[in-house]
Amino acid sequence: MTQLGVVGGGTMGAGIAEIAIRAGDEVLVLERDQSAADAARGRIEKSLSRAVKKAKITEDEAERSLANLRLTTSLSDFGDRELVIEALPEIEDLKVGFFADLDKVTSPEAILATNTSSIPIIRIAKDVADPSRVVGVHFFNPVPVMPLVEIISSLASSPHAIETVTAYARDHLGKRTIQAGDRGGFVVNALLIPYLVSAIRMYESGYASKEDIDAGMVNGCAHPMGPLTLSDTVGLDVVLDVSESLYHEFREPHLAPPPLLQRMVEAGYLGKKTGRGFYDYSE
């Protein structure tokens, strides 16, 4: 597959588009309006420039990659896409409605993939006429750097679709793939989010300082960063969304988001991307 569609040009969508154009794919990115499309192109250009400065690619390779990129504000342009990867915000109703629209404009042979980090795939596919072509392809942030992709099969996903996207991610994009069942959080977030939420709850209770919680996990467990720093890196809004999704799926009290996390998101303190989370990144 070389005709790729990416829905959403935010952090994840731009990252997915970047690795695909670097692999030689013709990539079409959908955004809601021209301003958002320009911002998405800017993210990709900036990331490619960083890769050139770090000598990961040459200037010629960056230019050839950008030549493979197109942006659009019209979903009807996706009619020729062989694979579409959706990277919209982690809102179930938004994804479900979009897949119903995507189903109407794409070829019946096209594979429709969602980059959801926590929502069961069968829920997203419920309004698609042929849910066998819907799969989960969960990349990790930052996409050009992180090697892992979770491949998620719903009860309806066809073996052909799963095998095709696995080969695409592994052999074409050079990612390490793992298979996950279709339950909230899949493999990584089902383990990670309860850990992050527990650390936030520990800090909220006053049991330990944020610095000591992070230092404990870095120096005591050899983690590359502590859970509160990691939460800031992931984005507190994302941690909240996934926590709520897991709680909705399993109804276990330890999965419920702590009030502090909810208040921080409501205040706009989302972590590194806004300059403030558990730590101050304004400088």
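Each value, and the rule that gives it
Sequence positions are assigned chain by chain, starting from 1 and proceeding in written order. For a predicted model such as this one, the threshold for reporting local features is a pLDDT of at least 70, and the threshold for listing and counting side-chain atom pairs is 80 or more; totals across whole chains, interfaces and linings nevertheless cover every residue. Values reported for side chains reflect all heavy atoms of the structure, with hydrogen atoms and water molecules removed beforehand. Patch criteria: residues need more than 30% relative accessible area and no salt bridge. Like-charged residues are merged within 9 Å; nonpolar side chains of Val, Leu, Ile, Met, Phe, Trp and Tyr are merged within 5 Å. Surface accessibility in these figures is a Shrake-Rupley result with a 1.4 Å probe; residues are shielded only by whichever protein chains are displayed. Salt bridges are identified by distance alone: a Lys or Arg side-chain nitrogen within 4 Å of an Asp or Glu carboxyl oxygen. In this tally, Lys and Arg are treated as positive and Asp and Glu as negative; His is ignored, and so are the chain termini. By convention, the charge on Lys lies at NZ, on Arg at CZ, on Asp at CG and on Glu at CD. For helices the rule is a DSSP run of H or I covering at least 4 residues; for strands it is a run of E covering at least 2, with both sets numbered from the N terminus onward. For every residue, the accessible area obtained with a 1.4 Å probe (protein chains only) is divided by the maximum for its type, and the residue is called buried under 20%, exposed over 50%, and partly exposed between those limits. Any two strands with at least two DSSP-identified bridges between them are counted as paired. Under the pairing criterion, centres of Phe, Tyr and Trp rings, with the six-membered ring standing for Trp, must be within 6.5 Å; the plane angle then separates stacked pairs below 30 degrees from edge-to-face pairs above 60, leaving the rest tilted. Working rule: Lys NZ or Arg CZ, within 6 Å of ring centre, within 35 degrees of ring normal, means a charge sits over the ring. UniProt positions are given in the numbering used here, feature names are shortened, and annotations may be inferred rather than shown by experiment. Here, residues are in contact when the closest pair of their heavy atoms is within 4.5 Å. Throughout this description, a polar contact denotes any pair of N or O atoms lying within 3.5 Å of each other; where both atoms belong to protein, one of them has to be capable of donating a hydrogen while the other can accept it, and for residues adjacent in sequence the pair is counted only when both atoms sit in side chains.

Engineer: Got a sec to walk through a negative patch on the surface? Specific residues and values, please.
Structural biologist: A contiguous patch of negative charge, built from Glu59, Asp60, Glu61 and Glu63, is present on the exposed surface. Looking at the secondary structure, you find Glu63 in helix α3 (residues 59-67).

Engineer: Give me the lowdown on unusual backbone geometry, citing residues and values where you can.
Structural biologist: Residues Asn141 and Pro142 are joined by a peptide bond in cis, for which omega reads 0°. Positionally, Pro142 belongs in the loop between β6 (134-139) and β7 (148-152). Phi is positive for Ala222, close to 60°, though the residue is something other than glycine. Its place among the elements puts Ala222 in the loop between α8 (210-221) and α9 (227-234). Even without being a glycine, Arg251 presents a positive backbone phi close to 55°.

Engineer: Explain the pairing of β7 residue by residue, including any values.
Structural biologist: The side chains of a regular strand alternate between both faces of the sheet. Of all 5 residues in β7, 4 are buried; the element is thus mostly enclosed. Looking at chain direction, β6 and β7 are connected through 4 bridges and run antiparallel. The residue bridging Val137 from the neighbouring strand is Ile151, located in β7. In terms of strand pairing, β7 meets strand β8 (residues 176-180) through 5 bridges, oriented parallel. Pairing of Ile152 across the sheet is with Ala180, part of β8.

Engineer: Provide a residue-level description of the packing of aromatic side chains, including the pertinent values.
Structural biologist: As enumerated under the stated definition, the model contains 1 aromatic pair in all. Stacked on the ring of Tyr269, the Lys or Arg Arg276 has its end atom at 4.0 Å from the ring centre.

Engineer: Describe the UniProt feature "site: Important for catalytic activity" (unreviewed entry) in the protein chain, and please don't skip the residues or the numbers.
Structural biologist: Under the UniProt annotation, the feature "site: Important for catalytic activity" (unreviewed entry) is placed at His138. The class of His138 is buried, set by a relative accessible area of 5%. Beyond its immediate chain neighbours, meaning those up to four positions away, His138 contacts Thr114, Asn115, Thr116, Ser117, Leu148, Val149, Glu150, Ile152 and Asn189. Among the polar contacts made by the side chain of His138, one reaches the side chain of Glu150 at a distance of 2.8 Å.

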